[in-house]
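# Residue-level structure breakdown
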Amino acid sequence: MIPFNKPFIGGEEIKYIEKAIAHGNLSGDGYFTEQCSRFLQSFINCPSVLLTPSCTHALELAALLIDVQPGDEVVMSAFTFVSSANAFVLRGAKIVFVDIRPDTMNIDEMLIESAITAKTKAIVVMHYGGVACEMDEIMAIATKYNLIVIEDSAHCIDTYYKEKHLGSIGHLGALSFHSTKNIHCGEGGALLINDRQFIDRAEIIREKGTNRKSFLRNMIPKYSWVDIGSSYLQSELNSAFLYAQLNKLEFVSKRRRSIWNQYLNSFLDKELNEHFEIPKIPMNCFHNGHIFYLKCQDHEERQDLINSLITKGIYTAFHYVPLHSSKFGKVHGRFSGQDNYTSVESNRLLRLPIYPDLSQDEVQKIIDVLISEYKSILNI
Ligand SMILES: *Cc1c(COP(=O)(O)O)cnc(C)c1O
């Protein structure tokens, strides 16, 4: 049996959790939270990294921080996780969906400008599988219309666009350390603050709207309620687990990229590659092997393949159901322009197992079985 995903375990997580217990402070912003933030700040080259309980919380914090008001519009693609939209819908925003590019499944940067209105407040970009959106064009549009860019970088630890780590290019970015991601702590996340004007207020909102952080730094004699806020601190136990994982980041990225390349090379010159499509990585993008997908001819062929692979003990998965086609997406969003690719492409995308625990032989087995099952479906 080959599961679709196995959360990575580096081996030192328990040791670090014991250390956290020994340190005594298990709430937010303790020793390991500090270590993780510092690591990420320097690794990503970002002025401020605030660990949060999840990427969803980091996006919610971002929405509070940029003061989204009821009626404001936020532009994004519909091929993304529900949290990219929900964080803004919670503040009363309307979501304006634009179509994706079929090559990367990312937002089509050429369509963003026509989705902008007087009410537009922000553009949310999600880099699918750690392959970057066209950030130069997107940042230029944001500057022209005075909009905030938030990078949903949930997939993006150790990924780059023109040498810049993803999440460090927009005004704000959000990472996920959910157990389905490359590096994780069960549930966890981080807000990346690239525009320094947001740093002080982010610390306040994250501390229940109080200036407790300045108090802890001995900058003020007592702390009080100064703004809206919530509790967006990551538990120290999770940070200890995460720090153990961050120390293995290089290994994880290397293993995943190697499996990703094994898939790609095996499918490149197979007779079947006129039947399915393999991913294309644009120049200037360096990914982390978070996702490997094929595109079948259509939804039906994909379902047949998923089902026949299960009978062989191999678990594959489709991905996001486009948000604009959902019940809630229809109420809180609208599609700008034509849905030429979002629905069609997401309906035929099939993700294959990819995680450090997979051996080269197992990957070969997946490739062999997939090809033979595909042939039997196609009757060739
Ligand atoms: C996983 C994911 C999230 C949510 O991450 P959590 O840490 O589980 O909140 C958000 N956006 C995208 C694109 C994701 O894949």
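Residues numbered from 1 in each chain as written. Predicted model: local features only at pLDDT ≥ 70, side-chain atom pairs only at ≥ 80, totals over all residues. Heavy atoms only, no water.

### Structural notes on the site of the ligand
Where we set the bar: We call a residue near a given molecule or strand whenever any one of its heavy atoms falls within 4 Å of it. Counting of polar contacts relies on pairs of N or O atoms within 3.5 Å, with two restrictions inside protein: one atom must be capable of donating a hydrogen and the other of accepting it, and residues adjacent in sequence are counted only when both atoms are side-chain atoms. Only the protein chains shown count as cover for residues, with accessible areas throughout obtained via the Shrake-Rupley method and a probe of 1.4 Å.
In the vicinity of the ligand, 13 residues are found, and the nearest of them are Thr56, Asp152, His155, Ser176 and Lys181. Contact distances for the ligand include 2.7 Å between a nitrogen atom and a side-chain N or O atom of Asp152. Note that an oxygen atom of the ligand is positioned 3.3 Å from one of the side-chain N or O atoms of Lys181. Its free accessible area being 390 Å², the ligand has 93% of it covered by the protein chains.

### Brief notes about empty space enclosed by the protein
Applicable threshold: Definitions used for this entry: grid spacing 1 Å over protein atoms alone; cavity, a set of points where a 1.4 Å probe fits but cannot get out; pocket, an open set with protein on both sides within 12 Å along at least 5 of 7 lines; lining residue, one with an atom within 4 Å of a point. Grid points are joined across faces, edges and corners, and a volume is the space filled by probe spheres set on the points. Residue polarity follows a fixed list, in which Ala, Val, Leu, Ile, Met, Phe, Trp, Tyr, Cys and Pro are nonpolar, Asp, Glu, Lys and Arg are charged, and the others, Gly among them, are polar.
Applying the stated criterion across every chain, the model contains four cavities of 30 Å³ or more. As a volume, the largest cavity reaches approximately 80 Å³. Taken together, Thr104, Tyr128, Gly129, Val131, Trp260, Pro279, Lys280, Ile281, His287, Ile291 and Tyr293 make up the lining of the largest cavity. Grouping the amino acids of the lining of the largest cavity by side-chain chemistry returns seven nonpolar, three polar and one charged.

### As for the side chain of Arg206
Here is the rule: Secondary structure is summarised from DSSP: a helix means a run of H or I of at least four residues, a strand means a run of E of at least two, and numbering begins at the N terminus for each. For the exposure calls, accessible area comes from a 1.4 Å probe over protein chains only, and a residue counts as buried if that area is under 20% of its type's maximum, exposed if over 50%, partly exposed in between. Here a residue-residue contact requires only that any non-hydrogen atoms of the pair lie within 4.5 Å.
Looking at where Arg206 falls in the secondary structure, it is placed in helix 6 (residues 199–206). Residue classification places Arg206 among the buried positions, given a relative accessible area of 1%. Of note is the side chain of Arg206, whose polar atom sits 3.1 Å from the backbone oxygen of Tyr232. Beyond its immediate sequence surroundings of up to four residues, Arg206 is in contact with Asp29, Thr33, Leu50, Leu51, Leu61, Lys213, Ser230, Ser231, Tyr232, Leu233 and Gln234.

### What about the pairing of strand 3 (residues 94–98)?
Remark: a regular strand shows side chains that alternate across the two faces of the sheet. Put simply, the rule is: By convention, a crossover is right-handed whenever its connection, traced from the first strand over the helix to the second and viewed with the strands pointing away, goes clockwise. Any two strands between which DSSP finds at least two bridges are classified as paired.
Counting buried positions along strand 3 gives four out of five residues, so the element sits mostly inside the fold. Where the polypeptide runs from strand 2 (residues 73–77) across helix 4 (residues 82–89) and back to strand 3, its parallel neighbour, the crossover connection is right-handed. Where strand 3 and strand 12 (residues 333–335) come together, three bridges link them in parallel fashion. Considered in strand 12, the bridge of Val96 is made with Arg334.

### With respect to the environment of His155
Relative to the helices and strands, His155 is located in the loop between strand 5 (148–152) and strand 6 (160–161). Along the backbone, His155 and Leu166 are 11 residues apart, and their C-alpha atoms lie at a distance of 9.4 Å. Aside from chain neighbours lying at most four places away, what touches His155 is Met126, His127, Tyr128, Gly129, Gly130, Lys181, Asn288, His290, Ile291, His319 and Tyr320. Looking at His155, its side chain comes within polar contact range of the side chain of Tyr320, at 3.0 Å.

### Observations regarding the sheet that holds strand 7 (residues 164–165)
Spatially, three strands are ordered 7-6-10 in an open sheet, and the strand pairing comes out antiparallel. Only two strands of the sheet have a single neighbouring strand rather than two, namely strand 7 and strand 10 (285–286). Pairing between strand 6 and strand 7: two bridges, direction antiparallel. Bridge pairing links Tyr161 to Lys164 in strand 7.

### Overview of the sheet that holds strand 3
Note the cut-off: Inter-axis angles, ranging from 0 to 180 degrees, are taken between N-to-C directions of lines fitted to C-alpha atoms, where helices are fitted over the stretch in contact.
With respect to topology, eight strands assemble into an open sheet ordered 1-9-8-5-4-2-3-12, the strand pairing being mixed. Each of the sheet's edge strands pairs with one partner strand only, and the pair in question is strand 1 (48–52) and strand 12. On average, each strand axis in the sheet is inclined to that of its neighbour by 20°, with strand direction left out of account. With five bridges joining them, strand 4 (residues 120–126) and strand 5 adopt parallel strand pairing. Directly across from Ile123, in strand 5, lies its bridge partner Val149. Relative to the sheet, helix 4 contacts strand 2, strand 3, strand 4 and strand 5, its axis offset from that of strand 2 by approximately 175°.

### Brief notes about helix 5 (residues 135–145)
So the rule is basically this: An arc is given here, and it is the one of the directions from the helix axis to the C-beta atoms.
Those residues of helix 5 lying buried are Met135, Ile138, Met139, Ile141 and Ala142. Buried residues along helix 5 cover an arc of 160° about the axis, so they all sit on one side. Opposite its buried face, helix 5 presents the exposed residues Thr143 and Lys144, each directed more than 90 degrees away. Where the residues of helix 5 are buried, they touch strand 4, strand 5 and strand 6.

### Some words on helix 2 (residues 31–44)
The cut-off we apply is this: Any helix carries an expected span of 1.5 Å times its number of residues minus one.
Its 14 residues place the ends of helix 2 20 Å apart at the C-alpha level, agreeing with the 20 Å of an ideal helix rising 1.5 Å per residue. Residues of helix 2 that are buried: Phe32, Thr33, Gln35, Cys36, Ser37, Leu40 and Ile44. Taken from the residues just after helix 2, Asn45 is the one with a positive phi, measuring 65°.

### Description of the layout of surface pockets
Computed from the structure, the largest pocket encloses a volume of approximately 530 Å³. In terms of lining residues, the largest pocket is bounded by 30 residues, among which His178, Thr180, Lys181, His319 and Tyr320 are the most central. When residues of the lining of the largest pocket are traced back to their parent elements, those giving at least two are helix 3 (55–65), helix 4 and strand 13 (349–352). Here the element with the most residues in the lining of the largest pocket is helix 3; it accounts for three residues. Of the pockets and cavities examined, the second largest pocket occupies roughly 200 Å³.

Fair warning: the whole summary comes from geometry, so function is off the table for now.
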